[in-house]
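Observations on chain architecture
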There are 4 protein chains.
Amino acid sequence: MPTDAERACFEAGIKFGSLYHQFAGTPVSPDSAESLGRAMEEAIENQPHCVDVDVDVRTDRIAAELESQSAAYTELTGRFIGVRMLIEYAGVTVRTRMEMEGDYPMMKLVGVEA
Amino acid sequence: MPTDAERACFEAGIKFGSLYHQFAGTPVSPDSAESLGRAMEEAIENQPHCVDVDVDVRTDRIAAELESQSAAYTELTGRFIGVRMLIEYAGVTVRTRMEMEGDYPMMKLVGVEA
Amino acid sequence: MPTDAERACFEAGIKFGSLYHQFAGTPVSPDSAESLGRAMEEAIENQPHCVDVDVDVRTDRIAAELESQSAAYTELTGRFIGVRMLIEYAGVTVRTRMEMEGDYPMMKLVGVEA
Amino acid sequence: MPTDAERACFEAGIKFGSLYHQFAGTPVSPDSAESLGRAMEEAIENQPHCVDVDVDVRTDRIAAELESQSAAYTELTGRFIGVRMLIEYAGVTVRTRMEMEGDYPMMKLVGVEA
């Protein structure tokens, strides 16, 4: 049988995959970054065992992207967001983070505490 | 060749399909409805020729849905939102609306003015 | 009141926005391109007034992308697909296409025939 | 530091959240169920550490849904799919499953083996 800590980590992964694939592809610009970040946080916090979600939409990177292209907006993808989440399941607290590792938006398990 | 009015209506349709299918399935509750509605409006207003988007997330219907199910949130679908959009293309103004017709969330062309 | 041709063009736009934003962000590789293209076609053909959808997933461009990055897959976005659609509404036939114009995946109204 | 088994469970959760929220809301009918299921499997199998994904789109439940509504298609949601996944990470094999528990599509950790 899986341990409570393993179940807590599984729950944490679900939230990360959900957040990324619900919102990837959303039209985003520096002006709309703030409302998108808040919606992502509050949407995923609805899910079970999800205590806190913090999404930092990187308006600096979005602005830089817009300088190299013709349209005035781009599509949300991993390099435009930093994410931290706190999950609690059966007394186990899991901390996760997403950040770029080279060119890949890596979802990381930062800490597991019973 | 398509007319400017026809092109304007095509653009209006694109915005509606985008709004619906980007956000359908998002976890939503009465508490997170407001932030989701704002993000939907600002995301789609980024798209070309889109002057104004108004999304009314129906917290009353979401609350009623939650009374009939076990989870404390549900997934965004058409019956939980009312939408109005204003599109301008080549001097043509198009007004659109989404509302329920029976059990179907109908996207409607309300007006086309040159 | 909008004309039947304008309503047909609105319907055509809905299908395009739906297709793009439902599937943008999907993990894709040369090996999975075929099944994704078929699913996109059949999913959107379910929508009202949609007679035919043809999606050409550009495995050549996906393969080229993979050569410049660390991961063995990428996320679906406009430059990896070409799309043609045929919409019929109230006796009006609308032909649409999506293809790159420079760096932007442009959705185009190709023809409107009553 | 998280254990390899905990990291494997986190990876398994990511795949489940991705699968669900990428494809929730997709227009689906009994005729298009097969292509959608194959695309879901092959898309998620692209992700790191994901060895096998099996999606059973429940055409019987979709057909029953269509009998109670006006449209000839519906939107993909949890009660229309059964899913099994096999994840391998650092020598740990994780088995997961999604199935309905009452009215909720529960994602479950079935087994963790080192």
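None of these values were measured; they are calculated from a predicted model. (Residues numbered from 1 in each chain as written. Chains lettered and ligands numbered in written order. Predicted model: local features only at pLDDT ≥ 70, side-chain atom pairs only at ≥ 80, totals over all residues. Heavy atoms only, no water.)

Within chain A, the regular secondary structure consists of three helices and six strands. For chain A, the sequential pattern of α-helices and β-strands runs α-β-α-β-α-β-β-β-β. Structurally, chain A occupies a C-alpha span of about 55 × 30 × 20 Å along its principal axes. Of all 114 residues assigned to chain A, the portion counted as buried reaches 59%. Per element, the accessible surface of chain A, about 4,500 Å² overall, is 44% carbon and sulfur. Each charge sign in chain A was given a centre, from 10 positive and 20 negative side chains, and these centres are 4 Å apart. (Helix = DSSP H or I, 4+ residues; strand = E, 2+ residues; numbered from the N terminus. Buried < 20%, exposed > 50% of the residue type's maximum accessible area, 1.4 Å probe, protein only. Areas by Shrake-Rupley, 256 points an atom, 1.4 Å probe, with all protein chains shown as cover. Lys, Arg positive; Asp, Glu negative; His and termini not counted. Charge placed at Lys NZ, Arg CZ, Asp CG, Glu CD.)

Take the sheet that holds strand S2 (residues 50–57) of chain A next. Residue and element names in this part refer to chain A. As summarised here, the arrangement of the four strands in space is S2-S4-S5-S6, forming an open sheet in which the pairing is antiparallel. Each edge of the open sheet is held by one strand with a lone partner, namely S2 and strand S6 (104–113). On average, each strand axis in the sheet is inclined to that of its neighbour by 15°, with strand direction left out of account. As paired strands, S2 and strand S4 (residues 81–89) are joined by seven bridges and run antiparallel to one another. When the bridges of S4 are listed, Cys-50 appears paired with Ile-87. Of the strands in this sheet, S2, S4, strand S5 (92–101) and S6 are in contact with helix H1 (residues 4–23), which crosses S4 at around 145°. (Pairing = 2+ DSSP bridges. Axes fitted to C-alpha atoms, helices over the stretch in contact; angles between N-to-C directions. Contact = heavy atoms within 4.5 Å.)

Before going further, it helps to spend a moment on the packing of H1(A) against helix H1 (residues 4–23) of chain D. In contact at an axis separation of 6 Å, H1(A) and H1(D) are set at 35° when each is read in the N-to-C sense. Considering only the axes of H1(A) and H1(D), their crossing is right-handed. Only Ala5(D), Glu6(D), Cys9(D), Phe10(D), Ala12(D), Gly13(D), Ile14(D), Phe16(D), Gly17(D), Ser18(D), His21(D) and Gln22(D) of H1(D) make contact with H1(A), whose side of the interface consists of Ala5(A), Glu6(A), Cys9(A), Phe10(A), Ala12(A), Gly13(A), Ile14(A), Phe16(A), Gly17(A), Ser18(A), His21(A) and Gln22(A). By residue class, the composition of the contact of H1(A) with H1(D) is twelve nonpolar, ten polar and two charged. (Left-handed = near helix turned anticlockwise from the far one by under 90°. Nonpolar A, V, L, I, M, F, W, Y, C, P; charged D, E, K, R; others polar.)

For the rest of this paragraph, the subject is unusual backbone geometry. Residues and elements named next belong to chain A. Of note, His-49 is a non-glycine position whose phi angle comes to about 70°, a positive value. Inspection of the secondary structure puts His-49 in the loop between helix H2 (33–45) and S2. Given the relative accessible area of 34%, His-49 is considered partly exposed.

Below, the discussion takes up the pattern of salt bridges. For the structure on display, the rule yields 36 salt bridges over all chains. Note that Glu34(A) and Arg38(A) form a salt bridge whose closest N and O atoms lie 2.4 Å from each other. Placement of the pair is Glu34(A) and Arg38(A) together in helix H2, with a separation of four residues, close to one helical turn. For Arg38(B), the salt bridge is made with Glu41(B), and the minimal N-O distance between the two is 2.9 Å. Residue Arg38(B) and its partner Glu41(B) are both found in helix H2 (residues 33–45); the two are separated by three residues, about one turn of the helix. Its relative accessible area of 10% is what places Glu41(B) among the buried residues. One continuous salt-bridge network, built from bridges that share partners, spans Arg97(A), Glu99(A), Glu101(A) and Lys108(A). (Salt bridge = Lys/Arg side-chain N within 4 Å of Asp/Glu carboxyl O.)

Feature annotation in UniProt places "binding site: substrate" (unreviewed entry) on Glu11(A) and Met107(A), given in this structure's numbering. Of the residues just listed, which span 97 residues, no C-alpha pair is farther apart than 13.4 Å, and they cluster in one region. Here Glu11(A) is to be found in helix H1. Judged by relative accessible area, which is 10%, Glu11(A) ranks as buried. Those residues in contact with Glu11(A) that sit more than four places away from it in its chain are Pro48(A), His49(A), Ile87(A) and Tyr89(A). Its location among the elements puts Met107(A) in strand S6. Ignoring anything within four residues of it in the chain, the contact list for Met107(A) reads Phe16(A), Gly17(A), Tyr20(A), Arg97(A), Met98(A), Phe10(D) and Ile14(D). (UniProt positions renumbered as here; feature names shortened; annotations may be inferred.)

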